[in-house]
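Listed here are the chains, written in short residue letters.
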Amino acid sequence: MPPTTPHAGKFNSCPPYGNNNHPQPQSPYRSHTAPKPSRENVYNGAYSVAENPYDVPQPHAAYRSSSVSSVNANEHHYSNSCAISGNPYSLPQPQSPRQHSTSCPGRAYRHTSNCSSSSSDQSCRNSGSSTKARLYGHSITASYGEMCYHDNSLVSASLEALIQHLVPTVDYYPDRSYVFTFLLSSRLFLHPYELMTRVCHLCVEQQRSGDALLDKIRFREVAPKLVQLLTEWTETFPYDFRDERMMRCLKDMTLQVARGDEYSWRAMQQMTQRLIKRLSALGQYEEAVAALNAVAQERPASLKSKQTSAQRSDILSVCDDPFILAQQLTHIELDRLSFIGPEEFIQSFAMKDPLENHKGFFRKRKTSNLEAYVNWFNRLSFLVATEICMPVKKKHRARIIEFFIDVAQECFNIGNFNSLMAIITGMNMSPVARLKKTWNKVNTDKFEILEHQMDPSSNFSNYRTALRGATQRSETAHSSQEKIVIPFFSLLIKDIYFLNEGCANRLPNGHINFEKLWELAKQVSEFLVWRQVICPFDRDRRILQYLVTTPVFTEDELHLASYESEGPENNMEKDSRRSLRSSLLHRENRS
């Protein structure tokens, strides 16, 4: 039976290719001291990967709130009707902030009993609001004004009530899980700039009493909580502040705070400095990726003669050890993951903003880092196919296939599922799959096991089981190597997309479906945990440079290289080769 988790049936470490005297690195599962993370830059000093712009406590931590009430197991829950990825995993899940339960994480950010005791509690601020409670078996449904709770868990509310619920007062501060959830998904309903403007305005206005001295005293008391809210916003969603209007609003609030509380003013200044530093790191990263992509756009050696391609370096001449190459792939994966903002998952399907041409916020695409990571997956797939189709000799092609199979299994052992899937995808591309004479020289047993692990049937149930196993290992890790979990990213995006599409944003009464927002936040918060891991492996600058800059074939060039490696088998393939030669020759002459 093939292994189903990283714990069961782990592959043995693969021998190096070429130099038999090369020392064999140890698997992260073996007992040894983990190497310290290297802090040298991967792309010739283009940007510092060690400086994670999101190196802050992650919002999911607040999900451990002990105030969350347990709910009857028979209660009807959102996931029964909306979640698309509920596979019946047999692997037992540990209790964790990410474990799904009928009581969504962190919902008890304001206990309903406060409504009767605190006049500042937002759910009771409306003078005309009514309180209703109904008992169903062992669960309670209650409404406070325009906010509806089920067993102390917020399930729906009007947009205005949710915005008001985010505003801190002297004796109230929203639970951190609510802050993260609403800041993440509010962009489905209004622009971050509009939300920030309204929150800051409400926070200031509700302190006004008509007495200037009393107003100053009251604002001085609430200022630290306002600074705390803005700090969580800037540290968790810093990319929102690429909008010049957001920075201008932040500056205005700094001046407002400076009039009443020097301590809070200094905290605002420090927060702004950290924000600018993170945005600067993001700019450097984007410039580095753009430069790397420009180098990678160069075309490989001419296809008119396969002999000329022999002068080109191949992957085995750069790295002949599967474990080391898997380590370097993991570096690239974690580097690029660290720059993806959590809001990019939501903005990828958020409503189109009417101010889309505003020069500040929309000068750069709001999902550029997410798209860059997806492009990396595609590049790695095409790199694998190029390396296999390029060699003239069949023996050499078979050797490279076996090498990439071993790299893929080492990625599996590490927990790097994205590189694993990219390699499998590259080896299953039709220009590679049709090389039957080459594949006949390859032992495909290990490859078939890996394909079984990533089999898309039953909504990738085998992969999801392995991912849960890797996540459980990460939660109990004793070394930084065991913490690594890099999901198959395209499937993660698909899950979040269908979760959004499968459930309405608003209920028939016009309320926002906050159950859905909890689920979106739960999936994105899990990604934040995986993203914050620093890769513990030593960097190899030469290998990294090769992986991200070496030119790769286009799909047409791959097909032609495949035909030149192993000739056409039928008239259709002969016609295809003739057409490709003509098309590519015409393209070269034009360029």
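As a reminder, the structure under discussion sits directly above these lines.
Residues numbered from 1 in each chain as written. Predicted model: local features only at pLDDT ≥ 70, side-chain atom pairs only at ≥ 80, totals over all residues. Heavy atoms only, no water.

Glancing now at the overall build of the protein. Assigned secondary structure in the protein consists of 23 helices and five strands. Of all 591 residues assigned to the protein, the portion counted as buried reaches 56%. Looking at the protein alone, contacts between residues at least 24 apart form 79% of all its contacts between residues at least 6 apart. Surface accessibility of the protein: about 26,100 Å² in total, with carbon and sulfur atoms responsible for 50%. (Helix = DSSP H or I, 4+ residues; strand = E, 2+ residues; numbered from the N terminus. Buried < 20%, exposed > 50% of the residue type's maximum accessible area, 1.4 Å probe, protein only. Contact = heavy atoms within 4.5 Å. Areas by Shrake-Rupley, 256 points an atom, 1.4 Å probe, with all protein chains shown as cover.)

This next bit is on the environment of Cys-200. Locating Cys-200 in the fold gives a position in helix H5 (residues 192-205). When near neighbours in sequence (up to four residues on either side) are disregarded, Cys-200 contacts Leu-230, Cys-249 and Met-253.

Our next topic: the packing of aromatic side chains. This structure, assessed with the given rule, holds 19 aromatic pairs. Between Tyr-178 and Phe-514 the ring centres are 5.5 Å apart and the planes differ by 20 degrees, which places this aromatic pair in the stacked class. Here Tyr-178 is found in helix H4 (residues 176-185), whereas its partner Phe-514 is found in helix H20 (residues 514-531), with 336 residues between them in sequence. Just as Tyr-178 is buried, Phe-514 falls in that class too. With centroids separated by 6.2 Å and ring planes inclined at 75 degrees, the aromatic side chains of Trp-233 and Phe-241 adopt a geometry described as edge-to-face. Within the aromatic cluster, the residues linked to one another by ring pairs are Phe-377, Phe-412, Phe-417, Phe-460, Tyr-463 and Phe-488. (Phe/Tyr/Trp six-rings, centres within 6.5 Å; stacked < 30°, edge-to-face > 60°.)

Moving on, we come to a nonpolar patch on the surface. On the surface, a nonpolar cluster with roughly 270 Å² of combined accessible area is contributed by Leu-213, Leu-214 and Ile-217. When you line up the elements, Leu-214 lands in helix H6 (residues 212-236). For Leu-214, a relative accessible area of 37% corresponds to the partly exposed category. (Patch = residues over 30% accessible without salt bridge, like charges linked within 9 Å, V, L, I, M, F, W, Y side chains within 5 Å. Salt bridge = Lys/Arg side-chain N within 4 Å of Asp/Glu carboxyl O.)

The subject of this paragraph is the pattern of salt bridges. Where side chains of opposite charge bring their charged atoms close, a pairing between them can arise. This model, assessed by the stated rule, comprises 17 salt bridges. A salt bridge links Arg-242 to Glu-286; the nearest nitrogen and oxygen atoms lie 3.0 Å apart. Here the residue Arg-242 occupies a position in the loop between H6 and helix H7 (244-258), and Glu-286 occupies one in helix H8 (residues 262-296), the gap between them amounting to 44 residues. For the pair Arg-242 and Glu-286, one class covers both residues: buried. We note a salt bridge from Asp-335 to Arg-539, for which the minimum N-O separation is 3.4 Å.

There is a patch of like positive charges on the surface, built from Lys-393, Lys-394, Lys-395, Arg-399, Lys-437 and Lys-441. Among the elements that make up the positive patch, the one with the highest residue count is helix H13 (residues 394-414) (three residues). Along the chain, Lys-394 falls in helix H13. (Lys, Arg positive; Asp, Glu negative; His and termini not counted. Charge placed at Lys NZ, Arg CZ, Asp CG, Glu CD.)

For the rest of this paragraph, the subject is unusual backbone geometry. At Asp-151, a residue that is not glycine, the phi angle is positive and equals roughly 55 degrees. Summarising the element assignment, Asp-151 is placed in the loop between strand E3 (147-150) and strand E4 (153-157). Phi at Asn-459 takes a positive value of approximately 55 degrees, unusual for a residue other than glycine. Locating Asn-459 in the fold gives a position in helix H18 (residues 457-475).

Taking 1.5 Å as the rise per residue, helix H23 (residues 571-590) with 20 residues should run 28 Å; its terminal C-alpha atoms sit 29 Å apart, in good agreement. Taken as a whole, H23 has its buried residues at Glu-573, Leu-580 and Leu-584. With its buried residues spanning 25 degrees around the axis, H23 presents them on a single face. Structural note: H23 exposes Asn-571, Arg-578, Asn-589 and Arg-590 on the side pointing more than 90 degrees away from its buried face. Summarising the contacts, the buried residues of H23 are in contact with helix H22 (555-565). In this structure Asn-570 caps H23, since a side-chain oxygen of it lies 3.2 Å from the backbone nitrogen of Met-572. (Expected span 1.5 Å × (residues − 1). Arc of directions from axis to C-beta. Polar contact = N/O pair within 3.5 Å; in protein donor to acceptor, adjacent residues only side chain to side chain.)

Turning our attention to the packing of H6 against H7. One can describe the packing of H6 onto H7 by two numbers: an axis separation of 11 Å at closest approach and a directional angle of 155 degrees. As far as their axial angle goes, H7 and H6 are roughly antiparallel. The hand of the H6/H7 crossing is left-handed. Contacts from Phe-219, Ala-223, Leu-226, Leu-230, Trp-233 and Thr-234 in H6 reach Met-246, Leu-250, Met-253, Gln-256 and Val-257 in H7. (Axes fitted to C-alpha atoms, helices over the stretch in contact; angles between N-to-C directions. Parallel < 35°, antiparallel > 145°, perpendicular 65-115°, else oblique. Left-handed = near helix turned anticlockwise from the far one by under 90°.)

Among the 10 residues of H4, nine are classified as buried, and the element is accordingly described as predominantly covered. Along H4, the residues classified as buried are Ser-177, Tyr-178, Val-179, Phe-180, Thr-181, Phe-182, Leu-183, Leu-184 and Ser-185.

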